[in-house]
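Observations on chain architecture
Take a look at the letters that make up each chain.
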Amino acid sequence: MAEETIKAHCNKCVGIRNHNILFSEKEHTQQNVDDDRDGIIIWWEDKYALVKCLGCGNISLMHTSWFSEDCDYNGKPYEKINYYPPAISKPIPKWINDLDTFLNSEETQIAELLKEIYAALYNDSKRLAILGIRSLLEHVMIAKTSDQGSFNKNIDSFYELGYIASKQKDLIIKALDVGHATTHRSFVPCVDDIMTTLGICETIIEMIYIHPKKMEIVSKRIPKRSK
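Since the structure is predicted, the reported quantities are computational estimates derived from the model, not experimental observations. (Residues numbered from 1 in each chain as written. Predicted model: local features only at pLDDT ≥ 70, side-chain atom pairs only at ≥ 80, totals over all residues. Heavy atoms only, no water.)

**Here's the deal with the pairing of strand β2 (residues 15–32)**
The side chains of a regular strand alternate, residue by residue, between the two faces of the sheet. Strand direction decides the pairing type here: strand β1 (residues 5–10) and β2, joined by 6 bridges, are antiparallel. Bridged to Thr5 within β2 is Asn20. (Pairing = 2+ DSSP bridges. Helix = DSSP H or I, 4+ residues; strand = E, 2+ residues; numbered from the N terminus.)

See the structure below:
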């Protein structure tokens, strides 16, 4: 018997892809909400499917649910889909393994923090992820400038030493403010907020740690100019 194929999100391919259903189970429940025999009946349904991406082979659990009282204008119940691990729109950087080799012993927490941020994202822990990004930015700045005693002073020193340009300084300030708002102003970031902030943070890391080391490798392969 041929396996059933459906469209589903793949975290490795980062998008909707064709998946095979390896296993599925459906649960249907209904309840009479009135004591009368002809009372109102509501129902809800859950379908769990273990799916495998036909592109990369990644396996995830897809949970589709319906509720009779949550409908569109035509009376059709909305379909809600959740994935485990949660669907994300950004894969972990390919250079993360290189990062370990480019850091000195005092900077190893930078790589560890980045991995923990993605672990929080995969567990749908949005606030933990954004707080991790704030901490990661601070670690990067302190590693290059030493601790100046406050976020603002660390940013100023980071800028004055030439690690970032003025526009990047503004972006870092805004990225840090997302973390401040989450900590002190009960702000709950959405996935897009986290992806934007994380993208800024990863760009800084690439610029400071990844590109210089890789360009050193490239430079060593370039033939010398003839005199």
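Read on for the rest.
**As for the sheet that holds strand β4 (residues 59–67)**
Spatially, the 5 strands line up as an open sheet ordered β1-β2-β3-β4-β5, and their pairing is antiparallel. Two strands lie at the open edges of the sheet, namely β1 and β5 (80–84), each paired on one side alone. Strand-to-strand twist across the sheet, computed as the mean angle between neighbouring axes with direction ignored, equals 35°. When β2 meets strand β3 (residues 41–53), the two strands line up antiparallel, connected through 13 bridges. Paired with Phe23 across the bridge in β3 is Leu50. (Axes fitted to C-alpha atoms, helices over the stretch in contact; angles between N-to-C directions.)

**Overview of a nonpolar patch on the surface**
A contiguous nonpolar surface patch, about 350 Å² in accessible area, is contributed by Leu22, Phe23, Leu50 and Ile59. Tracing the sequence through the fold places Leu50 in strand β3. (Patch = residues over 30% accessible without salt bridge, like charges linked within 9 Å, V, L, I, M, F, W, Y side chains within 5 Å. Areas by Shrake-Rupley, 256 points an atom, 1.4 Å probe, with all protein chains shown as cover. Salt bridge = Lys/Arg side-chain N within 4 Å of Asp/Glu carboxyl O.)

**Considering helix α4 (residues 151–160)**
Taken as a whole, α4 has its buried residues at Asn154, Ile155, Ser157 and Phe158. Buried residues of α4 fall within an arc of 165° about the axis and therefore sit on the same side. Opposite the buried face of α4, at more than 90 degrees from it, the exposed residues are Asn152, Lys153 and Glu160. On its buried face, α4 sits against α3 (126–145), α5 (166–184) and α6 (191–221). Phi turns positive one or two residues past the end of α4, at Gly162, with a value near 90°. (Buried < 20%, exposed > 50% of the residue type's maximum accessible area, 1.4 Å probe, protein only. Arc of directions from axis to C-beta. Contact = heavy atoms within 4.5 Å.)

**Here's the deal with the packing of aromatic side chains**
The description of an aromatic ring pair rests on the distance of the ring centres and on the angle between the ring planes. Within the structure shown, the criterion is met by 1 aromatic pair. Ring centres of Phe158 and Tyr163 lie 5.3 Å apart, and the angle between their planes is 20°; this geometry places the pair in the stacked category. What makes Phe158 buried here is its relative accessible area of 1%. (Phe/Tyr/Trp six-rings, centres within 6.5 Å; stacked < 30°, edge-to-face > 60°.)

**What about the layout of surface pockets?**
Of the volumes computed, that of the largest pocket is approximately 250 Å³. Lining the largest pocket, in full, are Ile81, Asn82, Tyr83, Tyr84, Pro86, Ala87, Ile88, Leu121, Asp124, Ser125, Lys126 and Val191. Tallying contributions element by element places β5 first for the lining of the largest pocket, with 4 residues. Per-class residue counts for the lining of the largest pocket are 8 nonpolar, 2 polar and 2 charged. (1 Å grid on protein atoms, 1.4 Å probe; cavity = no way out; pocket = protein on both sides within 12 Å on 5 of 7 lines; lining within 4 Å. Points joined across faces, edges and corners; volume = space filled by probe spheres on them. Nonpolar A, V, L, I, M, F, W, Y, C, P; charged D, E, K, R; others polar.)

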